[in-house]
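Residue-level structure breakdown
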Amino acid sequence: MKDYYEILGVNKSASKDEVKKAFRKLASTYHPDKKTGDEAKFKEISEAYAVLSDEKKRAEYDTYGKSYAGGGPQQSQGGFNWGGQGVEFDIGDIFENFGDIFGGGFGRGAQRARGNDISIDIQLSFKEAVFGTKRSVTLTKTNTCTTCEGTGAQKGSEMTTCATCNGNGKIRESRQSVMGNFTTVRECPDCNGQGKIPKEICKDCGGKGVVRSAEQIDINIPAGIENGEMIRMTGRGEAIQGGTPGDLYIKVHVEQHASIIRDGQHLMSTLNVKLSDALLGNTYKVTTLDGDVSIKIPEGIKHGEMLRVKGKGVPVSSSRRGDFLVKVSIDIPHKLSRKAKKLIEELREEGI
């Protein structure tokens, strides 16, 4: 005797809605039309659902246990009966949240057609990525026909009801599954879901409503964008008649800077400082993305110490920026003159 509760993964106190929810989840995985499908497993969960979703059958199953003889699929002229009782499934209700998972929408699950997405790559300099910039690209892609504005009809032409779908925009098709016969709904291929077709088709697009053409697209690159980030421009992909255009995805590649690296909202570079300046202090010029700035090296600075130039980093908002960090690297001379050695020896005698 099969344990139907165990098959669906619910306990014996599960409500009818909980049983249906469990079946939906398993059916979306094991339906034979899917890549992960398993016909034997699907029959098993369908059998369990047929019993547990019916109050009378469930009561008999709970009462008689191993003696229950109501389960098991039996082929009939009208599809599949469960235990010969002719249980009917409301496929539209069971699968309404799965959309087109089985190659066509179930009732309310049908969706509007959508054009293809497009992906491109752009190269930015380090400075452009930090401060943001604008780019224009020309793409040859499928666009909405400007002559007929996507209708596929010659200007002034009347629209007539599509004979294929009788003006519904959708076509219903019967299919047979292990669960019996059910109906799938798909968009009408002749009118592209519009329900109407033109008496005279547009000469520029041949009635397709879309044409292959070049389009210039202006791209706003936001300040602070990082290498590898993706910009999405909704509706700037390929058009499709009777549907919504796809999206344009722009992948950003940022060039490295010769002396500056990025650390989140801060920028950073290394400054080489002479030993004497590290001991006595001095003023140095540092190259930032805003130009050269003067920075004071305090007396007795240590190797690896970090100095900060405020507000010269990556823009965080229209009124605030990160900082520019300067890492001090003290140059130790490899060779010393006699005079330099004598001076260093005098410093050593003083304990420095």
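In what follows, the structure referred to is the one given above.
Below is a summary of the structure that appears in this document.

Basis of the calculations
- Residues numbered from 1 in each chain as written.
- Predicted model: local features only at pLDDT ≥ 70, side-chain atom pairs only at ≥ 80, totals over all residues.
- Heavy atoms only, no water.
- Core = buried A, V, L, I, M, F, W, Y, C linked by side-chain atoms within 4.5 Å.
- Buried < 20%, exposed > 50% of the residue type's maximum accessible area, 1.4 Å probe, protein only.
- Contact = heavy atoms within 4.5 Å.
- Helix = DSSP H or I, 4+ residues; strand = E, 2+ residues; numbered from the N terminus.
- Patch = residues over 30% accessible without salt bridge, like charges linked within 9 Å, V, L, I, M, F, W, Y side chains within 5 Å.
- Areas by Shrake-Rupley, 256 points an atom, 1.4 Å probe, with all protein chains shown as cover.
- Salt bridge = Lys/Arg side-chain N within 4 Å of Asp/Glu carboxyl O.
- Pairing = 2+ DSSP bridges.
- Axes fitted to C-alpha atoms, helices over the stretch in contact; angles between N-to-C directions.
- Disulfide = S-S within 2.5 Å.
- Phe/Tyr/Trp six-rings, centres within 6.5 Å; stacked < 30°, edge-to-face > 60°.
- Lys, Arg positive; Asp, Glu negative; His and termini not counted.

Some remarks on the nonpolar core
Ranked by size, the top nonpolar core spans 38 residues in total, and within it Ile-120, Ile-219, Leu-248, Ile-250, Leu-267, Leu-271 and Ile-295 carry the most contacts. Apart from the residues within four sequence positions on either side, Leu-267 is in contact with Phe-126, Val-130, Ile-260, Ile-261, Arg-262, Leu-289, Lys-312, Gly-313, Val-314, Asp-323, Phe-324 and Leu-325.

Here's the deal with unusual backbone geometry
Residue Glu-149 is not a glycine yet carries a positive backbone phi of 60°. Along the chain, the position of Glu-149 falls in the loop between strand 4 (133–144) and strand 5 (159–161). Of the residues examined, Glu-149 reaches a relative accessible area of 67% and is grouped as exposed. Its identity is not glycine, yet Asn-166 carries a phi of approximately 55°, on the positive side. Assignment of secondary structure puts Asn-166 in the loop between strand 5 and strand 6 (170–177). The class for Asn-166 is exposed, based on a relative accessible area of 59%.

Some remarks on a nonpolar patch on the surface
Side chains of Leu-275, Leu-279, Leu-280 and Ile-332 sit close together on the surface and give an oily, nonpolar patch of about 390 Å² of accessible area. Tracing the backbone shows Leu-280 in helix 7 (residues 275–280).

Section: the sheet that holds strand 3 (residues 118–124)
Taken together, three strands build an open sheet; the order of strands is 3-11-10 and the sheet is mixed. Two strands close off the open sheet at either side, each with one partner strand: strand 3 and strand 10 (230–233). Strand-to-strand twist in this sheet, taken as the mean axis angle between neighbours without regard to direction, amounts to 25°. Bridge analysis of strand 10 against strand 11 (residues 248–254) gives four bridges, and the strand direction is antiparallel.

Topic: the state of the cysteines
Tallying each qualifying case throughout the model produces zero disulfides. Note on Cys-148: no disulfide assigned, nearest cysteine sulfur contributed by Cys-205 at a separation of 3.7 Å.

Points about the packing of aromatic side chains
A full pass over the atoms with the stated rule returns three aromatic pairs. A centroid spacing of 6.0 Å and a plane angle of 45° characterise the contact between Tyr-5 and Tyr-61, whose relative ring orientation is tilted. In this pair, Tyr-5 is assigned in helix 1 (residues 4–8) and Tyr-61 in helix 4 (residues 55–64), connecting sequence segments 56 residues apart. For the pair Tyr-5 and Tyr-61, a shared accessibility class is recorded, and that class is buried.

Some remarks on the side chain of Arg-58
As for its position among the elements, Arg-58 is in helix 4. Buried and unpaired, Arg-58 has Asp-62 as its nearest opposite-charge partner, separated by 4.2 Å. With near-sequence residues (within four places) excluded, Arg-58 lies in contact with Tyr-5, Lys-12, Ser-13, Ala-14, Ser-15, Val-19, Val-51 and Leu-52.

Some thoughts on the pairing of strand 13 (residues 266–274)
Taken together, the three bridges between strand 12 (residues 261–263) and strand 13 define a ladder with antiparallel strand orientation. Looking across to strand 13, one finds that Arg-262 is bridged to Leu-267. Counting the residues in the hairpin turn of strand 12 and strand 13 gives two residues, including Gly-264, whose phi is positive at 65°. Judged from the eight bridges that link them, strand 13 and strand 17 (residues 324–331) form a sheet pairing that is parallel. Pairing of Leu-267 across the sheet is with Phe-324, part of strand 17.

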